[in-house]
Every structure is written in C-alpha cells, then in structure tokens.
Amino acid sequence: MSIHLSKRLETICSLVTPGNRAVDVGTDHAHVPIRLLQDGICERAYGYDVADGPLEIAKTNLELAGLSDQCEIRKSDGLEKYKKGEADTLVIAGMGGMLLRSLLEKDIDKVLDFKEIIVSPHRESWQVREFLYEEGIGIRTERFVEEDGKFYPVIRAVPGEETIRPDWEALAGSLQGKDLDEKDASNREKVLPLLADANFRLYAETTYGPVLLRDYFTIGEKTLDRYLMQVLSKDIGVYEALLQKEPESSHAGSRMEELRGEIGMVQALVFLHHELAV
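Residues numbered from 1 in each chain as written. Predicted model: local features only at pLDDT ≥ 70, side-chain atom pairs only at ≥ 80, totals over all residues. Heavy atoms only, no water.

A.B. asks: Would you explain helix α3 (residues 52-65) in this entry?
C.D. replies: At 3.6 residues per turn, the α-helix brings residues three or four places apart onto the same side. Here α3 contains 14 residues, and its C-alpha end-to-end distance of 20 Å stays within 8% of the 20 Å for a straight helix at 1.5 Å per residue. Residues of α3 that are buried include every one of P54, L55, A58, N61, L62 and A65, and no others. With its buried residues spanning 120° around the axis, α3 presents them on a single face. Opposite the buried face of α3, at more than 90 degrees from it, the exposed residues are E63 and L64. As for α3, its buried residues are in contact with α2 (31-38), β2 (45-49) and β3 (71-75). (Helix = DSSP H or I, 4+ residues; strand = E, 2+ residues; numbered from the N terminus. Expected span 1.5 Å × (residues − 1). Buried < 20%, exposed > 50% of the residue type's maximum accessible area, 1.4 Å probe, protein only. Arc of directions from axis to C-beta. Contact = heavy atoms within 4.5 Å.)

Next up, the structure:
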C-alpha cells in the first residue's frame, strides 16, 4: 500500500531521527506512522486518536500495508494511554496551537520523557513556542511549509537542550557597518534600537520562530519572506480600514495600536532580511 502525504506531513517525517520509535498523536488514518515504517525511519510506531472512525481506518491501512505488527493503534486523548519509555519521538500535528499546547501541558511529565518532540500547529504557533520556552524544551529545527495557499510551521524540539536563536548582537553589528543610502540609513536608525530590545526579540521569536528567523536573516528563508509580506499587507489593509472609519470605541483604538506594533515589527524584520540575507 502506497501512502501519499501532504508536503507538511512529509516535512514532519523528515525530521524524525532514524532509529527512533514514534508516537503520532491525532494520527487520523495513520499515514505518518505508515510512512515512517515503510521508509525504515522507525521500526516501531504508535498511532493515537480520540475518534473511533479514523482509528478503524488506521487499522485497515496498517493491515493493507502489512505493518500491523509494527504499529499499535490506541484510542487516547492526547498522551493519556502512553506509557513512559515506549517511544522516543512525539509527533503532534493537524490542530491549532492552543489545543496542541493544552495536550502537551496536560501530560508534561510524559512529554519531557521523549528524546524529541515534533509539532506542527496550523495556527497560533506562538502558543506552542511559548510553552516550549517555559518548559526548557529547546527548539532545534524549524521548517516553514507553504501548501495550498496556507503556511505551516514544523518544529523539532528537544527537552533539556538550548533553543537555537538569531545572534541579534551580530546582526545589529552587521547592519551598523553597512554602507546605505539616505533612506535605508534612516530606516536603520529606527531598527537598531529594536534589535537591542529583549522584549522585541522574544516577541519576534515566539511569533515567527527563532530558527526560522535565524535562517531568514542569514540564508534568506524564502517561505517566511512570502508569509511576512502577506502578514504586512493584511495588517496594513485592516489598519487603513479602521482609520477610515474613525474609531469610535476604545476597542478599535486599542486594535489600531496593536496593529501599529505588529506592522512595525514585521517591517523591521523584513528590512533586516533584505539588507543582510545572503
């Protein structure tokens, strides 16, 4: 049985360390475990889901692929049915960041037992990154996948390791040393104080990914660039629409202030990328 995976799921599989045993939470039809087993990345896998229908299809798919002996399917709410030591890699994808975070928080002792955690929230990825920071789970690899007009981060994190971050001081030094025209030199003077601001750095990393930003500034991560330009266009459009309406409520005024901050941050990140990325 041949399995066709989306680009996002292919990326998830590519980040699993060969030889590890994997647990796929929210496995649906067990496509990720099947691919991991068929490609020889894993010799043992587990597929968890809360719904009976998908689990039955998952079992059928495993039988058709001849992999029933290598993958155990369990009805489980998150890691509820997981026993420590059964696997090395935790995979959770296909849900929003808030739900994903709640599943991780609920069984944090089990989460910390894994050698690596691979997650792919389809929105609110900052929720997941914030959780990883708080629990000392270092973000080591990030990929940004564009598929059917949508963007998905895929994050590989390791308990007990340091998060890989941009070298903000070095970036500021490189920007300071560039020979720029008058307009760009003026923009540089606005951006440099932000690069020295710890709150700006943390907010940018949590929102857009520390490893993704490092790659964006150094090797020119193109997918993130497309996404940031999309975010910038959308935020400016919303801001101008609110401006034309002449905000009558404190809520509208506060939203405009929030948008100004977001627009400024993205503009600073894009400027840094355009000036420094190779």
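A.B. asks: Would you explain the packing of helix α6 (residues 125-134) against helix α9 (residues 198-208) in this entry?
C.D. replies: Geometry of a packed helix pair, given as the angle between the helix axes and the separation of the axes. As a packed pair, α6 and α9 sit with axes 7 Å apart at the nearest point and diverge in direction by 120°. In terms of orientation, α6 and α9 fall into the oblique class. Here α6 contributes S125, W126, R129, E130 and Y133 to the contact with α9, which in turn contributes L202, E205, T206, T207 and Y208. The residue makeup of the contact of α6 with α9, split by class, is four nonpolar, three polar and three charged. (Axes fitted to C-alpha atoms, helices over the stretch in contact; angles between N-to-C directions. Parallel < 35°, antiparallel > 145°, perpendicular 65-115°, else oblique. Nonpolar A, V, L, I, M, F, W, Y, C, P; charged D, E, K, R; others polar.)

A.B. asks: Is there a simple way to think about the layout of surface pockets in this case?
C.D. replies: Sizing a probe to match a water molecule and rolling it over the atoms shows the empty space that remains. Put simply, the largest pocket is a space of about 970 Å³. Taken together, 35 residues line the largest pocket, and the ones lying closest to its centre are R123, E124, T207, Y227 and V231. Going through the elements one at a time, α6, β7 (150-159), α9, α11 (222-244) and α12 (250-276) are the ones with two or more residues in the lining of the largest pocket. Per-element tally for the lining of the largest pocket: the top contributor is α11, with seven residues. Split into classes, the residues belonging to the lining of the largest pocket amount to 16 nonpolar, seven polar and twelve charged. (1 Å grid on protein atoms, 1.4 Å probe; cavity = no way out; pocket = protein on both sides within 12 Å on 5 of 7 lines; lining within 4 Å. Points joined across faces, edges and corners; volume = space filled by probe spheres on them.)

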